[in-house]
Amino acid sequence: MGEGNAVQRIGVLTSGGDAPGMNAAIRAVVRKGVFHGLEVYGILHGYAGLIRGEMNVMDLSSVADIIQRGGTKLYTARSEEFKTPEGRAKAVENLRQHGIEGLVVIGGDGSFRGARELSHLGVHTIGIPGTIDNDIAGTDYTIGFDTAVNTVIDAIDKIRDTATSHERTYVVEVMGRDAGDIAVIAGIAGGAESILIPESPFDMENVLDKLRRGQERGKRHSIILVAEGVAKGMKIGEQIRLATGWEVRVTVLGHLQRGGSPSAFDRTLASRMGAYAVDLLRQGKTSQVIGLQGKDLVAIDIDEALTMKRKIDLSIYELASILSI
Ligand code: F6P
């Protein structure tokens, strides 16, 4: 076992919705851990697998050939049982039986709440933000967001081709349960005519006015981006059709936004965060969540991260509106 490590055996799991780049983070945890002489266990199926004791030692070659793959090699799940004290007790017992003292949890808010519970039960836990939604306080970016945005832009570009040919209005619904980040960044980069997000109340009359003004100026096609947290794209499409009488088409991008090979940004972010998580555990840290602030990685107390209010950058949203006048 490695010298100078506060923990000798650690585990890594992915939890909640998967995100491109999770594999790169797993790889980094395993390789950095092994580099420092730690034994690293991969826990399958998130907290559900932890309760069932699904864990295996991972060696260097177990994470070969995954940095470029979307999804998660460790599988993921949302576990109701883990929300109960009995479920958590089973999870801790399994970790103890394997001598695992530290755990890296890659996921979103819900996963971090689970990590916090484990830390109260004596397990050293470090959270890595992995979700396409980018909805975690304390970090500028979550792993998977950049790839998802690029996937959406690719879709918008393709939809715009056919929207132009047919001179139609398109509504495109994107993911982001309670967050408009994907819609805003993909919207400005894809030149969407209007972007509807949960963080900013919108007036349908304004959306319609803008569409009509565009038509009067000779605009023959438009793309309205709707974050799923606002309304169903179908509903918005129907409202536009009824109010204008135009032909409107609706595309719901859905889970294709969660897949695909991670971008260079996400691979790099995941590699850095995975390695940093191992360093924090080696130093004996617990109950921390990693964030990217500017160019730097930071470790934030998990309680603070879970109570901090996350703010979307509305200046980009406003700029998108000005540029799509
Ligand atoms: O949190 C990530 C996310 O992709 C959200 O954007 C979306 O609302 C949700 O997960 C979908 O979850 P499920 O995997 O249950 O369909």
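Quick note: structure is the one above.
Quick caveat, the model's predicted, so the values are computed rather than measured.

Novice: Sorry, what's going on with the nonpolar core here?
Specialist: Most often, soluble globular proteins keep nonpolar side chains buried together rather than apart. Grouped together as the largest cluster of nonpolar side chains are 58 residues, with contacts concentrated most on Ile-10, Val-12, Val-104, Ile-106, Ile-128 and Val-174. With 9 residues, helix H5 (residues 145–166) is the largest single contributor of residues to this core. Each residue touching Ile-128, except ones within four places of it in the same chain, is listed here: Val-104, Val-105, Ile-106, Gly-107, Phe-112, Ile-143, Met-273, Gly-274, Ala-277 and Ile-290. Counting 24 residues, the second-largest nonpolar core is a separate cluster that includes Leu-50, Ile-100, Ala-115 and Ile-136.

Novice: Teacher, can you tell me more about the site of the ligand here?
Specialist: As a structural note, the neighbourhood of the ligand is formed by Arg-78, Thr-131, Ile-132, Asp-133, Met-175, Gly-176, Arg-177, Glu-228, His-255 and Arg-258. Glu-228 has a polar side-chain atom sitting 2.4 Å from an oxygen atom of the ligand. In isolation the ligand has 400 Å² of accessible area, and contact with the protein removes 77% of it. Here the residues of the shell around the ligand sort into 2 nonpolar, 3 polar and 5 charged.

Novice: What should I look at first to understand the environment of Val-230 in this one?
Specialist: Tracing the backbone through its elements, the reader meets Val-230 in the loop between strand E8 (222–227) and helix H8 (233–244). As for Val-230 and Arg-310, which are separated by 80 residues in sequence, their C-alpha atoms are 17 Å apart. Sequence-distant contacts of Val-230, that is, excluding residues within four places in its chain, are made with Leu-196, Ile-197, Pro-198 and Phe-202.

Novice: Is there a simple way to think about the sheet that holds strand E1 (residues 9–14) in this case?
Specialist: Pairing between sheet strands relies on hydrogen bonds along the backbone, with the strands arranged either parallel or antiparallel. If you walk across this open sheet you meet the 7 strands as E3-E2-E1-E4-E5-E10-E11, and the pairing is mixed. Each edge of the sheet is formed by a strand with only one pairing partner; in this case those strands are strand E3 (55–57) and strand E11 (296–301). Direction aside, the axes of adjacent strands within the sheet are offset by 25° on average. Pairing between strand E10 (residues 288–293) and E11: 6 bridges, direction antiparallel. Counted as the bridge partner of Gln-288 is Asp-301 from E11.

Novice: Quick question: what am I supposed to make of the pairing of strand E4 (residues 102–107) here?
Specialist: Regular strands show a simple pattern: their side chains alternate between the two faces of the sheet. Of all 6 residues in E4, 6 are buried, a share of seventy percent or more. Residue alternation in E4 divides its side chains into two sets, Gly-102, Val-104 and Ile-106 and Leu-103, Val-105 and Gly-107, and both sets are buried. Relative to E4, E1 is paired through 5 bridges, and the arrangement is parallel. Bridging from a neighbouring strand, Val-12 pairs with Val-104 of E4. The pairing of E4 with strand E5 (residues 124–129) spans 6 bridges and is parallel. Paired with Gly-102 across the bridge in E5 is His-124. The handedness of the E4 to E5 crossover, carried by helix H4 (residues 109–120), is right-handed.

Procedures and definitions
Residues numbered from 1 in each chain as written. Predicted model: local features only at pLDDT ≥ 70, side-chain atom pairs only at ≥ 80, totals over all residues. Heavy atoms only, no water. Core = buried A, V, L, I, M, F, W, Y, C linked by side-chain atoms within 4.5 Å. Buried < 20%, exposed > 50% of the residue type's maximum accessible area, 1.4 Å probe, protein only. Helix = DSSP H or I, 4+ residues; strand = E, 2+ residues; numbered from the N terminus. Contact = heavy atoms within 4.5 Å. Near = heavy atom within 4 Å. Polar contact = N/O pair within 3.5 Å; in protein donor to acceptor, adjacent residues only side chain to side chain. Areas by Shrake-Rupley, 256 points an atom, 1.4 Å probe, with all protein chains shown as cover. Nonpolar A, V, L, I, M, F, W, Y, C, P; charged D, E, K, R; others polar. Pairing = 2+ DSSP bridges. Axes fitted to C-alpha atoms, helices over the stretch in contact; angles between N-to-C directions. Right-handed = clockwise from strand over helix to strand, strands pointing away.

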